[in-house]
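Tertiary structure, described
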Amino acid sequence: MPPDQPLSAHRLPIVHHPGYSVPLPAGHRFPMNKYGLLYARILASGFGQPLDVHQPPMADEAQLCRAHHPDYVRLVLSCSLSPAEEKRIGLPVNKAVVDRARLASGGTILAARLALAHGIACQTAGGSHHAHHDFGSGYCVFNDVAVAAAVMRAEGRVRRILIIDLDVHQGDGTAAIFRDVPEITTFSIHGDKNFPVRKARSDYDLALADGTGDEDYLDLVNSHIPRLIAAHHPELIFYNAGVDPHIDDRLGRFHLSREGLKARDCAVIDHCRGADIPLVTVVGGGYSNDLEALAGLHFMVIEAAARKMGFSAA
C-alpha cells in the first residue's frame, strides 16, 4: 500500500524487510538475528489485524548523500573501504552488509512517510546513530535517521524535526551531521562513560552515570521531552528506542528494568502523539546474548505504539 493512501482505521504501519538480517562471521558480537526474531515476535503478538506491514526499497545514492559525503557513499557502495575504515565500523563491509544498510535507511525513509500520513510508524531496524557524514563507526554504516530526516526536508514534507535518542550510547553521528542545521533538534540521554569515548555535541545532551536506574531516568524523560516539543514545535519526531539501557545488556551499564524501559517507550509515545506530532520509532541498540529476550525488549516499543492506537496483545 503506498504511504499516501489512507489506511483502514486503527492500522499500525510497520516497516520490515527480511534483508535486515544478513550472515556475519562466526562468533561476531553484533546480534544480527534479533531483527528477524523481533518480526516473528510481532507476528505472534496478537496485533496481526491492526498491523500494516511495508517492505522498503533500498535507499539510493542520492538519498544517502543527503546525510553523507558522496565520496564515502561511493566507497561503501563499491565495498572499497580501507581495512582501517572497516575496522572502525566493526562489520565486514561486503555486498550483503551494504545492501542491509541501504535497506535500513530506505526503511526509515518509508517509516517517516508513513508517520506523516498516519501519525505513527514503527521500523523494525534502524537507529544507526554512530555513522557520521564521512565515516562509519560502531556497527553503523549509514545513519538511517539522518538520511530520512534530510530526505523529508529535501522533499519539502517538513521543516522542523526533533530526534529523540534514548539508546545508551550517544548519537554522536546524528549530532555531528546536524550540528549546523537549526531546524533539526537532537536530544540524547546516554552513558557518560560509555561509547563513544569522544562525544559530539547534541543540541541537548544528558550524560548519566553508570548504574542509573528507572526512577531518575524516567524523571528526565518526562521532564525534558514536553519542554523540547513546546520549545521547538517539531513537525516530525524520530525516536531511537535502543534497549541497551537494560540492566542485563552487556554493553549498557545502566540499571533500567524491563518495566522501566516499557514505561519509557510509553512516555515518549504519549508525549509525542499527545502533541499530535507524527512519530517514527526505530529500534536502536541492544546487545543481550539472549536473542529471544532481546527481541522481546525491542518489541515493547511496537506494543506501546499499538496500544496507543487502541489495541492490546492477545
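Each value, and the rule that gives it
Residues numbered from 1 in each chain as written. Predicted model: local features only at pLDDT ≥ 70, side-chain atom pairs only at ≥ 80, totals over all residues. Heavy atoms only, no water. Axes fitted to C-alpha atoms, helices over the stretch in contact; angles between N-to-C directions. Helix = DSSP H or I, 4+ residues; strand = E, 2+ residues; numbered from the N terminus. Parallel < 35°, antiparallel > 145°, perpendicular 65-115°, else oblique. Left-handed = near helix turned anticlockwise from the far one by under 90°. Contact = heavy atoms within 4.5 Å. Nonpolar A, V, L, I, M, F, W, Y, C, P; charged D, E, K, R; others polar. pLDDT = per-residue confidence, 0-100. Phe/Tyr/Trp six-rings, centres within 6.5 Å; stacked < 30°, edge-to-face > 60°. Buried < 20%, exposed > 50% of the residue type's maximum accessible area, 1.4 Å probe, protein only. Lys NZ or Arg CZ within 6 Å of the ring centre and 35° of its normal.

With that settled, the discussion passes to the packing of helix H1 (residues 34-43) against helix H10 (residues 291-308). Two quantities define a packed helix pair, namely the angle between the axes and the distance from one axis to the other. At a minimum axis distance of 8 Å, the contact between H1 and H10 shows a crossing angle of 60°. On the basis of the axis angle, H1 is oblique to H10. When the axes of H1 and H10 are compared, the crossing they make is right-handed. Of H10, the residues touching H1 (which contributes Lys34, Leu37, Leu38, Arg41 and Ile42) are Leu291, Glu292, Leu294, Ala295, His298, Phe299 and Ile302. Classifying every residue of the contact of H1 with H10 gives 8 nonpolar, 1 polar and 3 charged.

This part takes up the confidence of the model for the chain. Per-residue confidence for the chain gives a mean pLDDT of 94; residues scoring 70 or more make up 94%. Scored below 50 in pLDDT, residues 1-9 shows 15 contacts in the model against residues more than four places distant or in partner chains.

Moving on: the packing of aromatic side chains. Scanning the model with the defined rule gives 6 aromatic pairs in all. The interplanar angle of 80° and the centroid separation of 6.1 Å between the aromatic rings of Tyr72 and Phe142 together place this pair among those described as edge-to-face. Remark: Phe142 occurs in the loop between strand E3 (120-123) and helix H6 (144-154) and Tyr72 occurs in helix H3 (residues 70-77); sequence separation between them is 70 residues. The exposure class assigned to Phe142 is buried, which follows from its relative accessible area of 2%. In this structure an aromatic cluster arises from ring pairing among Phe30, Tyr35, Tyr139 and Tyr287. Positioned above the aromatic ring of Phe299 is the side chain of Arg41, whose terminal nitrogen or guanidinium carbon lies 4.3 Å from the ring centre.

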